Amino acid sequence: MPDDDTARSHEAAVAEFTALRAEIMARQSSQQGLLSIQLTVGGALFSLALSSPGRAAVLLILPLTTVMLAGRHVAHSYACLSIATYIRTELSPRVAGGLGWEEWLRAHREVPRRYRVLNPLFISFPAISALAVVGAFPYLASLPASAASVSYWLAWTVGAALTVSSSRLIQRVRHDSFLWTGPTPERALAPEG
């Protein structure tokens, strides 16, 4: 009966592989949705701000939405990479001859360039946020001193900090070697330090 057990183990591994690849595809679809939301919100708020000089303060909403959407995008990236690592390191050895897909992807990844000036994720997330912070500055600078202007400046400062935060999120996922090669089993289990 070992052949029956081997056949069932193989079928179970292939079924699990299929389910995990479907999860990766669903997460990548969610990432596309997040990107679409970011571009839509950015376009709508910039249109509103440009429609009247007194509406420039609405741009201060963008850093908050950007950091939230960028955070979800990055979380999906790392989840996909963890799934791929599991497939490669745990699931593939259970199938005679291996599954091969994740190994092939890993072997054919491009070599990451140290500096990607026009990286689409930087443009879509932190650059839009930075543009909003810069775009709101002239309006805030023209406000007379008041409690409202202090709250706007506080929102601007928080927005600038959130812009830096979203930039660091995107930088981490784009430059982390984990993105390109996947963690070794030891690295995947090691606590972050």
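All figures in this text were calculated on a predicted structure; none of them were measured in a lab.

## Let's talk about the overall build of the protein
From N to C terminus, the protein includes 7 helices and 0 strands. Going from N to C terminus, the protein has its helices and strands arranged as α-α-α-α-α-α-α. In the protein, 77% of the contacts between residues at least 6 apart in sequence involve partners at least 24 apart. When the accessible surface of the protein is summed, it comes to about 11400 Å², and 65% of that surface belongs to carbon and sulfur atoms.

## Thoughts on helix α4 (residues 120-142)
Taking 1.5 Å as the rise per residue, α4 with 23 residues should run 33 Å; its terminal C-alpha atoms sit 33 Å apart, in good agreement. Of all the bends in α4, the greatest measures close to 40° and is centred on A127. Considered for burial, the residues of α4 that qualify are L121, F122, S124, F125, P126, I128, S129, A132, V133, A136, Y139 and L140.

## A word on the nonpolar core
Generally speaking, nonpolar side chains in soluble globular proteins are found buried as a group. Of all hydrophobic cores here, the largest spans 13 residues; its most connected members are F46, L59, L62, A132 and Y139. Of all the elements in the fold, those that place two or more residues in this core are α1 (2-51) and α4. Counting residues in each nonpolar core, the second largest holds 12 residues, with V74, Y78, L81 and F125 among its members.

## Quick word on the environment of Y86
In this structure, Y86 sits in helix α2 (residues 62-91). Overall, the relative accessible area of 29% leaves Y86 in the partly exposed class. It is 9.7 Å that separates the C-alpha atoms of Y86 and F17, two residues lying 69 residues apart in sequence. Setting aside its immediate chain neighbours within four residues, Y86 contacts E16, L20, L91 and R94.

## Here's the deal with the pattern of salt bridges
For the structure shown, the criterion picks out 2 salt bridges. The salt bridge involving E23 is made with R27; its shortest N-O contact spans 3.2 Å. Of this pair, E23 and R27 both sit in helix α1, 4 residues apart, which is roughly one turn of that helix. Looking at E23, the relative accessible area reads 33%, which means it is partly exposed.

## What about α2?
The terminal C-alpha atoms of α2 lie 41 Å apart, and with 30 residues this matches the ideal 44 Å at 1.5 Å per residue to within 8%. The buried fraction of α2 amounts to 21 of the 30 residues, a majority that puts the element mostly inside the structure.

## Quick look at the side chain of S77
Turning to its location among the elements, S77 is positioned in helix α2. The exposure class of S77 is buried, given its relative accessible area of 12%. Only 2.7 Å separates the side chain of S77 from the side chain of Q31, close enough to count as a polar contact. Beyond its immediate stretch of four places on either side in the chain, S77 contacts Q31 and V173.

## Overview of the packing of α2 against α4
It is the contact of α2 with α4, at a shortest axis distance of 9 Å, that shows an interaxial angle of 165°. Our classification of the angle between α2 and α4 gives roughly antiparallel. Of the two elements, α2 crosses α4, and the hand of that crossing is left-handed. Here L62, P63, T66, L69, A70 and H73 of α2 lie close against α4, whose contacting residues are L121, F125, P126, I128, S129, A132 and V133. A breakdown of the residues in the contact of α2 with α4 according to their chemical character gives 10 nonpolar, 3 polar and no charged.

## Describing the confidence of the model for the protein
The predicted model of the protein has a mean per-residue pLDDT of 83, with 83% of residues at 70 or higher. Between residues 177-193, whose pLDDT stays under 50, and residues either more than four places distant or in other chains, the model counts 27 contacts.

## Some words on the packing of aromatic side chains
Under the counting rule described, the total for this entry stands at 4 aromatic pairs. Here F137 and W153 contribute two aromatic rings whose centre-to-centre distance is 5.4 Å and whose plane-to-plane angle is 80°, an arrangement assigned as edge-to-face. One end of the pair, F137, is in helix α4; the other, W153, is in helix α5 (residues 147-175), and 16 residues separate them in sequence. Owing to a relative accessible area of 28%, W153 belongs among the partly exposed residues under this scheme. Taken together, the aromatic side chains of F137, W153 and W156 make up a single cluster linked through ring pairs.

Reading guide: rules and limits
- Residues numbered from 1 in each chain as written.
- Predicted model: local features only at pLDDT ≥ 70, side-chain atom pairs only at ≥ 80, totals over all residues.
- Heavy atoms only, no water.
- Helix = DSSP H or I, 4+ residues; strand = E, 2+ residues; numbered from the N terminus.
- Contact = heavy atoms within 4.5 Å.
- Areas by Shrake-Rupley, 256 points an atom, 1.4 Å probe, with all protein chains shown as cover.
- Expected span 1.5 Å × (residues − 1).
- Bend = angle between axes of the 7 residues up to and from the residue.
- Buried < 20%, exposed > 50% of the residue type's maximum accessible area, 1.4 Å probe, protein only.
- Core = buried A, V, L, I, M, F, W, Y, C linked by side-chain atoms within 4.5 Å.
- Salt bridge = Lys/Arg side-chain N within 4 Å of Asp/Glu carboxyl O.
- Polar contact = N/O pair within 3.5 Å; in protein donor to acceptor, adjacent residues only side chain to side chain.
- Axes fitted to C-alpha atoms, helices over the stretch in contact; angles between N-to-C directions.
- Parallel < 35°, antiparallel > 145°, perpendicular 65-115°, else oblique.
- Left-handed = near helix turned anticlockwise from the far one by under 90°.
- Nonpolar A, V, L, I, M, F, W, Y, C, P; charged D, E, K, R; others polar.
- pLDDT = per-residue confidence, 0-100.
- Phe/Tyr/Trp six-rings, centres within 6.5 Å; stacked < 30°, edge-to-face > 60°.

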